[in-house]
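The primary structure of each chain is shown beneath.
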Amino acid sequence: MTARNAALTPARRVGYRLLGQAFDYVLHLRPAEWPILAAHTALGYGLAVGLTGVLAGQALDRALAALGIWVLLLNGGTLALNSAFDRDEGDIGYLRQPPPPPRYLATVALLLMVAGQGLSAFLPPGFGAIYAICFTLSLAYSVPPLRLKAVAGADWLINMWGFGTLTPLAGYAAAGLPLDGTRALVMLAFCPLFAGLYPLTQLYQLDEDRRRGDRTLALKLGARRSLLAAIAATGVAFATFGWAAVRAGWSLASEAGVLRWSGLGVALAGWLRVLVPWLAQHATMTPTQHQRGMYAALGAWAVTDLVVFLGWGL
């Protein structure tokens, strides 16, 4: 183990003691993100079968298989592939003090993603089709010569659709049930919501992205306009959630309707509590403070997932 690794967290020391330097591969799968992505994928399953179906274990075997395939193989492989070509030295999303990318990281990442595509054949066909779309987007995002993550706007589009909408849609598809119009709107709302989150994940990396020559969305817009775009996109997302609520018949004349609308209000307030002070203070914030803002926004995302499940899954 290197001196650098020896100074890291107890969990990492245990990992290196068990796996040696092979633990570098695990770290670049960014396990810190797994609970967040698993929850967002599981949201789709929950919306498909409802709370009653979740409690009864309806299609639970397929849902658990889909979680493993989507979170560990596709997403883990995607992030590792990204690391293999970025070769970041500073903190990156869901991984502080990243070790240097191991020699075969890109190969291992691709093998994981290919394995996930093969295993998806055992799930309902809609899941495999969504997997194939995101697999293709992942390659276009990370791998030269396309490497669309370095193209401002293209990086944004890939992530808002891939993480925002297609991830819960994959969880929904794993249940093998048809998608109704109201829940399709709910899935769609997560597209602009991730459009708001995505530039926030880049603000603390502006200097490193600039050194590498990547023209990310946040670099193109700058901090102030990135935050304004995030606020606007969040507004569009919650307007779409509202549209889905009206379509579902949420009524302020009923206690259940009041509670559901109140939940959406709480989720929106959580986002504004993060974004508005960030916009006001961005000019004097350090990269570390921008990074804290990103993790606060992830907390608002988690609250939104919960509110959406309680609103449309009960």
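This report concerns the structure included in the present document. (Residues numbered from 1 in each chain as written. Predicted model: local features only at pLDDT ≥ 70, side-chain atom pairs only at ≥ 80, totals over all residues. Heavy atoms only, no water.)

**A few points about the overall build of the protein**
Stated precisely, the cut-off is as follows: Working definition: helices are DSSP H or I runs of at least four residues, strands are E runs of at least two. Numbering for both runs from the N terminus. The size measure is the radius of gyration over C-alpha atoms, and the globule rule it meets is 2.2 Å times the number of residues to the 0.38 power. Between two residues, a contact is recorded if the distance between any of their heavy atoms is within 4.5 Å. Here, Shrake-Rupley sampling with a 1.4 Å probe gives the accessible areas, and only protein chains in the shown set may cover a residue. Under the counting rule used here, the positive set is Lys and Arg, the negative set is Asp and Glu, and His together with the chain ends is not counted. Here the site of a charge means atom NZ of a Lys, CZ of an Arg, CG of an Asp or CD of a Glu.
When helices and strands are tallied, the protein shows 13 helices and zero strands. Across the protein, helices and strands are ordered from the amino to the carboxyl terminus as α-α-α-α-α-α-α-α-α-α-α-α-α. Relative to the 2.2 N^0.38 estimate, which gives 20 Å for 314 residues, the radius of gyration of the protein is 20 Å and therefore close to what a compact globule would have. With the C-alpha coordinates of the protein rotated into their principal frame, the extents come out at 65 × 50 × 40 Å. Within the protein, contacts between residues separated by at least 24 positions form 75% of all contacts whose residues are at least 6 apart in sequence. For the protein, the accessible surface area stands at approximately 13800 Å², while carbon and sulfur atoms represent 68% of it. Where the 23 positive side-chain charges of the protein centre and where its 15 negative ones centre are 3 Å apart.

**Focus: the packing of aromatic side chains**
The line we're drawing: Here a pair means two rings of Phe, Tyr or Trp (six-membered ring of Trp) with centres within 6.5 Å. Their orientation is stacked below 30 degrees between planes, edge-to-face above 60, and tilted elsewhere. In this scheme, a residue with accessible area under 20% of its type's maximum is buried, one over 50% is exposed, and one in between is partly exposed, where area comes from a 1.4 Å probe on protein chains only.
Under the defined criterion, the tally for this structure stands at 16 aromatic pairs. Note on tryptophan 271 and tryptophan 301: the rings are 6.4 Å apart at their centroids and 75 degrees apart in plane angle, and the pair reads as edge-to-face. Taken together, the residues tryptophan 271 in helix α12 (residues 255-281) and tryptophan 301 in helix α13 (residues 287-313) connect sequence positions 30 residues apart. The two residues tryptophan 271 and tryptophan 301 agree in class, both being buried. Within the aromatic cluster, the residues linked to one another by ring pairs are Phe163, Phe190, Phe194, Tyr198, Phe238, Phe241, Trp250, Trp261, Trp271, Trp301 and Trp312.

**Details of the nonpolar core**
Our working rule: What is meant by a nonpolar core is a set of buried Ala, Val, Leu, Ile, Met, Phe, Trp, Tyr and Cys residues, joined one to another through side-chain atoms within 4.5 Å.
If you look at the biggest cluster of nonpolar residues, it comprises 76 residues, and the most contacted ones within it are Trp70, Phe127, Tyr131, Leu200, Phe241, Trp271 and Trp312. Counting residues in each nonpolar core, the second largest holds five residues, with Tyr16, Phe23, Ile92 and Leu95 among its members.

**With respect to the packing of α12 against α13**
Two measures define how a pair of helices packs: the angle their axes make with one another and the distance between the axes. Quick reminder of the rule: Between N-to-C directions, angles span 0 to 180 degrees; the directions come from axes that are lines fitted to C-alpha atoms, helices contributing only their stretch in contact. Oblique is the label for every angle not falling under 35 degrees (roughly parallel), over 145 degrees (roughly antiparallel), or within 65 to 115 degrees (roughly perpendicular).
Running from amino to carboxyl end, α12 crosses α13 at an angle of 170 degrees, the nearest separation of the two axes being 9 Å. Classed by the angle they form, the pair α12 and α13 counts as roughly antiparallel.

**Some thoughts on the environment of phenylalanine 163**
Tracing the backbone through its elements, the reader meets phenylalanine 163 in helix α8 (residues 154-174). Distance from phenylalanine 163 to phenylalanine 190, taken between C-alpha atoms, is 8.5 Å for residues 27 residues apart in sequence. In this structure, phenylalanine 163 is in contact with Glu33, Ile36, Leu37, His40, Ile158, Pro168, Phe194 and Trp301, ignoring residues within four places of it in sequence.

**A look at the pattern of salt bridges**
A side chain of one charge can pair with a side chain of the opposite charge when the charged atoms of the two come close. Quick reminder of the rule: What counts as a salt bridge is simple: a side-chain nitrogen of Lys or Arg found within 4 Å of a carboxyl oxygen of Asp or Glu.
Within this structure, the stated rule accounts for one salt bridge. Where arginine 183 meets aspartate 180, a salt bridge forms, and the shortest distance between an N and an O atom there is 3.3 Å.

**Remarks on the packing of helix α5 (residues 60-86) against helix α6 (residues 105-119)**
Counted only if it meets this: With the far helix as reference, a near helix turned anticlockwise by less than a right angle produces a left-handed crossing, and one turned clockwise produces a right-handed crossing.
With their axes 8 Å apart at the nearest point, α5 and α6 run at an angle of 155 degrees to one another. Of the possible angle classes, the one that applies to α5 and α6 is roughly antiparallel. For the crossing formed where α5 meets α6, the hand is left-handed. Between α5 and α6, the residues in contact are Ile69, Leu73, Leu74, Gly77, Thr78, Ala80, Leu81, Ser83, Ala84 and Phe85 and Leu105, Ala106, Ala109, Leu110, Leu112, Met113, Ala115, Gly116 and Leu119, respectively.

**Things to note about the side chain of threonine 167**
Looking at where threonine 167 falls in the secondary structure, it is placed in helix α8. Classification of threonine 167 as buried rests on a relative accessible area of 2%. Sequence-distant contacts of threonine 167, defined by excluding residues within four places in its chain, comprise Leu37, His40, Thr41, Trp70 and Gly162.

**Points about helix α4 (residues 34-56)**
Heads up, the condition is: A helix is expected to span 1.5 Å for every residue after the first. Bend at a residue means the angle formed by two fitted axes: the first through the 7 residues ending at that position, the second through the 7 residues beginning there.
Across its 23 residues, α4 extends only 25 Å between first and last C-alpha, which sits more than 12% below the 33 Å expected from 1.5 Å per residue. Of all the bends in α4, the greatest measures close to 105 degrees and is centred on glycine 50. Burial in α4 covers these residues: Leu37, His40, Thr41, Leu43, Gly44, Tyr45, Gly46, Leu47, Ala48, Val49, Gly50 and Gly53. For α4, the elements touching its buried residues are α5, α8, α9 (181-197) and α13. Where α4 ends, the next residue or the one after it, glycine 57, has phi of about 75 degrees, a positive value.

**A word on a nonpolar patch on the surface**
Definition in use: A residue counts toward a patch only above 30% relative accessible area and without a salt bridge, and it is joined to like-charged neighbours within 9 Å or, for Val, Leu, Ile, Met, Phe, Trp and Tyr, to nonpolar neighbours within 5 Å.
A cluster of nonpolar side chains, contributed by Leu51, Val54, Leu55, Leu306, Leu310 and Leu314, occupies part of the molecular surface with about 550 Å² of accessible area. Sorting the residues of the nonpolar patch by element identifies α4 and α13 as the ones contributing at least two each. Here the element with the most residues in the nonpolar patch is α4; it accounts for three residues. Examined against the element boundaries, leucine 55 turns out to sit in helix α4.

Without other data, these values stay purely geometric and don't point to any function.
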